[in-house]
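# Coordinate analysis (summary)
Chain by chain, the residues run as shown.
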Amino acid sequence: MMDFVFTSLPYITFTAFISGLIWRIWRFFRAGVPSYPLFPMASQDNFQKFKSYLTQVLLFAPLFKNDRKLWGLSWMFHLSLFLIVAGHFRMFLGIRIDERLAFTLGSFFGLVFLISVVILLFRRFGEVRVVSTLEDYVILILLVFIALSGLAMRFSGNHYDLSAYASSLITLSPQIPEYDIFLLIHAFLAQLLIAYLPYGKLFHSIGAFVTSYYPLRWQNG
Amino acid sequence: MAEVDFADVCVRCGSCLRACHIFLATGRRHHAAAVKIRTLRKILKADVGNDADRFYDYAFECTGCRRCTVLCPFSVETASYVSRARGLLTSSGRYPSTLNELAETQIMKGENWERHLRMFRLSIEMLENQHSVRIPVQKEAEILYVPLQGAHTIVPAARIFNAVKESWTLSIFEASVFAFFLGDMERVKKTVERIKEEAERVNAREIVITECGHAYRVYRFLFPRWFGRDLKVRSIVEVVTEYLKNGEVEVKSTLKEPITYHDPCQAGRNGGLIDEPRFVLREIAEDFREMNPGRELNFCCGGGGGLVAVPELKELRLKAGKVKLRQIRETEAKIVSTICENCKTQLKDLKEHYGINYRVAGVTDLLAECI
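Nothing here was measured: the structure is a model prediction, and the numbers come from that model.

With that settled, the discussion passes to a nonpolar patch on the surface. Residue and element names in this part refer to chain A. Judged by side-chain polarity, Leu81, Val85, Phe89, Phe92, Leu93, Ile95, Ile97, Leu101 and Leu105 come together as a nonpolar surface patch covering roughly 790 Å² of accessible area. Among the elements that make up the nonpolar patch, the one with the highest residue count is helix α4 (residues 68-93) (five residues). Tracing the sequence through the fold places Leu105 in helix α5 (residues 99-125).

Set out below in structure tokens:
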């Protein structure tokens, strides 16, 4: 199993991710429904437009106006996710920072992430059940297990440095890291998630940057 | 710019649920924008044939107010999907029959306008005598004013135009475009073309639309796309605001009762007429009160998207109007003003149905009373 997850699977994941992304972007731009011209909501001023675009994609302004609780939750979730991904890149690239700092930050945001995912999952059984689909539950449960296995690795006391493994992957000669049940689960589920990203709702991580521009595009009439 | 598939980015976060006055009132699945957009995409992508009935409620039980879009983290354009789906359903023979009849009547009137002219002149003459106000019909003039059916869309505007000695004439047609509610853009164009031809007949250089939400949006944004920019298009509210700002009309009396303003979705959020009506009201009202939320985040009255003209949806729209009613009651205003005929009808129906007492009036009507 270690063999499969750390040698073949990364390449399968990579292929599924890239080909899926190309397919999805093609579909996204092809299948649109034309909308009617509107009064520009933001402004005719390009700086104002840019500002309004950024407050939407980075600060989630519409959610802030509509649902403060969801906005806070969403921010907690996305910010911790972003920092966790950045932390993984740091580890893969072998960039050294103070280990105690890395551990504290990683554990803190790992816990924040887990808590926000659990609350998001509870929401799906309550107020937003009416719009939820199977996909919503599956992804959130997957994230719970990814977060749990990741935190278990942290707190099991082992030290993980996969920078050597990362470079062995790039040179197409993957060297299997030492066996660890949590590492195995974590790497397997995370790769499932990455491979799935272009095919489902997670595509919003790319599409949002496009659709958020649309309300700003209308010129005067 | 290419059009993207908005349904592709929806994560079903549920922000649209509390944005929608209809969902807030019913809690029903097909009123949730996140469900609506996913379902309507099916009809837009494939020939649904006999299966179309399944999509009917999704498409027609929506007022197209776009509040969910403005409050969506990805700006998902639900109303566009609704409109296109209505268009497809209409072309396959499934539509609320009243809307279709109204749309047909409008186009027929455009084709036979000369036959209507004599009767129209007679009824306007009666109006002139009754209200002692001069109303020119199809005369050469700078401004072609397009009213709706009913004296309240003609007399106040006539008084203001005459007070500033404007060169204006009354259109024999009505501003509303019922085909727009059916998502039938071909018939929308035909309906609008009547006014363009009339404007050419009277040598107008500007078309002024009466207080009407969807008509303002259609004429303001679609008209120049189809027929160019030689003819200027404005709402009567923009015109009277200019008169006030230039000091051309003088406010002689003010309104003492507390007054609030309801932003019609198509004129405000989707049309940009947000500050003009407020400017007029602040000039004439001593106690102007904002609704909360207001401006581009204002809740729909429940009657938009043609719902007011569909008898079988009356129960739904009265239910959906509860959010608006709560907003009105919070202001404790005695006059509710607005600049859309659909909204006015709905606001009157709401007050009757729920037994609340307030007066519904257009901004132009109120200004005409004060000069």
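So, next bit.
The subject of this paragraph is the environment of Ile284(B). All names here are of chain B. Along the chain, Ile284 falls in helix α14 (residues 275-284). Judged by relative accessible area, Ile284 falls into the buried class, the value being 0%. Sequence separation of Ile284 and Leu367 is 83 residues, and the distance between their C-alpha atoms is 6.8 Å. Among residues more than four places away in sequence, those in contact with Ile284 are Val251, Thr254, Leu255, Leu366, Leu367 and Cys370.

What follows deals with the sheet that holds strand β4 (residues 232-235) of chain B. All names here are of chain B. The four strands lie next to each other as β2-β1-β3-β4, forming an open sheet whose pairing is parallel. The sheet is open, and its two edges are formed by β2 (168-170) and β4, each paired on a single side. Strand-to-strand twist of the sheet, defined as the mean angle between neighbouring strand axes without regard to direction, takes the value 25°. Across four bridges, the pairing between strand β1 (residues 143-146) and strand β3 (residues 206-209) is parallel.

Before going further, it helps to spend a moment on the domain arrangement of chain B. Residues and elements named next belong to chain B. Partitioning chain B into structural domains gives domain 1 (6-94), domain 2 (98-244) and domain 3 (252-370). The C-alpha centroid of domain 2 is placed 31 Å from the C-alpha centroid of domain 1. On the domain 2 side, the residues contacting the six residues of domain 1 number six residues. Of the roughly 470 Å² buried between domain 1 and domain 2 on both sides combined, carbon and sulfur atoms contribute 51%. For the domain 1 face of the interface with domain 2, the top three residues by lost area are Ser83, Arg86 and Thr90, together amounting to 59%. Counting across the interface, domain 1 meets domain 2 through zero salt bridges. Of the residues in the side of domain 1 that touches domain 2, the class split is one nonpolar, three polar and two charged.

Across the boundary between the two partners, chain A contributes 45 residues, which contact 53 residues of chain B. For the pairing of chain A and chain B, the buried interface totals around 4,600 Å² over both sides, and the portion due to carbon and sulfur atoms is 59%. Applying the counting rule to chain A against chain B returns five salt bridges. Residue Asp8(B) pairs with Arg27(A) through a salt bridge whose shortest N-O separation is 2.5 Å. Between chain A and chain B we count 16 residue pairs in polar contact (both at pLDDT 80 or more) in total. For the side of chain A that touches chain B, the secondary-structure elements that each account for two or more residues are α1 (2-30), α3 (61-66), α5, α6 (134-155) and α9 (204-211) of chain A. It is α9(A) that contributes the most residues to the side of chain A that touches chain B, five residues altogether. Its residues assigned to classes, the side of chain A that touches chain B comprises 23 nonpolar, 11 polar and 11 charged.

Before going further, it helps to spend a moment on the packing of aromatic side chains. The description of an aromatic ring pair uses the distance of the two centres, along with the angle that the planes make with each other. Enumeration over the complete set of coordinates arrives at 20 aromatic pairs over all chains. Taking 5.1 Å as the distance between ring centres and 75° as the angle between the ring planes, the aromatic pair formed by Phe28(A) and Phe203(A) counts as edge-to-face. On the criterion of sequence distance, the pair formed by Phe28(A) in helix α1 and Phe203(A) in the loop between α8 (181-196) and α9 is long-range, its members being 175 residues apart. A relative accessible area of 1% means that Phe203(A) is categorised as buried. Ring centres 6.3 Å apart and planes at 75° place the aromatic pair Tyr145(B) and Trp168(B) in the edge-to-face group. Here Trp168(B) lies in strand β2 and Tyr145(B) lies in strand β1, a separation of 23 residues in the sequence. Classification of Tyr145(B) as buried rests on a relative accessible area of 1%. The structure contains a cluster of three or more aromatic residues connected by ring pairs, namely Phe60(A), Phe64(A), Trp71(A) and Trp75(A). The ring of Phe64(A) is capped by Arg68(A), whose NZ or CZ atom sits 3.8 Å from the centre of that ring.

Turning next to the pairing of strand β5 (residues 259-262) of chain B. Residues and elements named next belong to chain B. The alternating pattern of β5 places Ile259 and Tyr261 and Thr260 and His262 on opposite faces, both of which are buried. With two bridges joining them, β5 and strand β6 (residues 288-289) adopt parallel strand pairing. Bridge pairing in β6 links Ile259 to Phe288. With α14 bridging β5 and the parallel β6, this β-α-β connection has right-handed handedness.

What follows concerns empty space enclosed by the protein. Over the atoms a probe the size of a water molecule is rolled, and this reveals where empty space is left. Residues and elements named next belong to chain B. Inspection of every chain in the model, using the stated rule, returns five cavities of 30 Å³ or more. Space inside the largest cavity adds up to approximately 220 Å³. Around the largest cavity, the lining comprises 20 residues; the ones closest to its centre are Gly64, Ala79, Ser83, Phe180 and Gln266. Ranked by residue count, the leading element in the lining of the largest cavity is helix α6 (residues 78-91), at five residues. Classifying every residue of the lining of the largest cavity by side-chain character gives eight nonpolar, eight polar and four charged. Residue-level mapping places the lining of the largest cavity at the junction of two domains, with at least three residues from each of domain 1 (6-94) and domain 2 (98-244).

It is worth spelling out unusual backbone geometry at this point. A cis amide bond links Asn292(B) to the next residue, Pro293(B), at an omega of -5°. A positive phi is found at Phe60(A), a non-glycine position, where the angle reads about 55°. Mapped onto the fold, Phe60(A) is located in the loop between α2 (46-57) and α3. You can call Phe60(A) buried: its relative accessible area is 14%. Of note in the backbone geometry, Gln138(B) takes a positive phi value of approximately 45° without being a glycine.

Parameters and conventions
Within each chain, residue numbers correspond to sequence positions counted from 1 in written order. Chain A is the first chain written and ligand 1 is the first ligand written, with later ones labelled in order. Predicted model: local features are reported for residues with pLDDT of at least 70 only, side-chain atom pairs are reported and counted for 80 or more only, and whole-chain, interface and lining totals are derived from all residues. Side-chain metrics rest on all non-hydrogen atoms present in the structure, leaving aside hydrogens and water. Like-charged residues are merged into a patch within 9 Å and nonpolar side chains (Val, Leu, Ile, Met, Phe, Trp, Tyr) within 5 Å, provided each residue has over 30% relative accessible area and no salt bridge. In this description, accessible areas are obtained by the Shrake-Rupley approach with a 1.4 Å probe, and a residue is regarded as covered only by the protein chains that are shown. Salt bridge criterion: a side-chain nitrogen from Lys or Arg within 4 Å of a carboxyl oxygen from Asp or Glu. Put simply, DSSP marks the helices as runs of H or I at least four residues long and the strands as runs of E at least two long, and each gets a number from the N terminus on. Partly exposed describes any residue whose relative accessible area lies between the buried limit of under 20% and the exposed limit of over 50%, with all areas from a 1.4 Å probe on protein chains only and scaled to the type maximum. Whether two residues are in contact is decided by their heavy atoms: any pair within 4.5 Å suffices. Strand pairing is assigned whenever DSSP identifies at least 2 bridges connecting the two strands. Angles here are taken between N-to-C directions and fall from 0 to 180 degrees, while the axes themselves are lines fitted to C-alpha atoms, restricted in helices to the stretch in contact. As annotated, the domain borders come from an automatic or database domain assignment. When two parts are brought into contact, each loses some accessible area as probed by a 1.4 Å sphere; the total of that loss over both is the buried area. Asp, Glu, Lys and Arg are counted as charged, while Ala, Val, Leu, Ile, Met, Phe, Trp, Tyr, Cys and Pro are counted as nonpolar; the rest, among them Gly, fall into the polar class. N or O atoms closer than or at 3.5 Å make up a polar contact, with two conditions inside protein: a donor-capable atom paired with an acceptor-capable one, and, for residues adjacent in sequence, both atoms drawn from side chains. In summary, the pairing rule links any two rings of Phe, Tyr or Trp, Trp by its six-membered ring, whose centres are within 6.5 Å, and it sorts them by plane angle into stacked for under 30 degrees, edge-to-face for over 60 and tilted for everything else. Each ring is checked for a lysine NZ or an arginine CZ that lies within 6 Å of its centre and within 35 degrees of its normal; such an atom marks a charge sitting over the ring. Handedness is read with the strands pointing away from the viewer; a crossover is right-handed when the path from the first strand over the helix to the second is clockwise. Grid points spaced at 1 Å and placed over the protein atoms alone form the basis of the search, with a cavity being a set where a 1.4 Å probe fits but cannot get out and a pocket an open set showing protein on both sides within 12 Å along at least five of seven lines. Lining residues have an atom within 4 Å of a point. Grid points are joined across faces, edges and corners, and a volume is the space filled by probe spheres set on the points.

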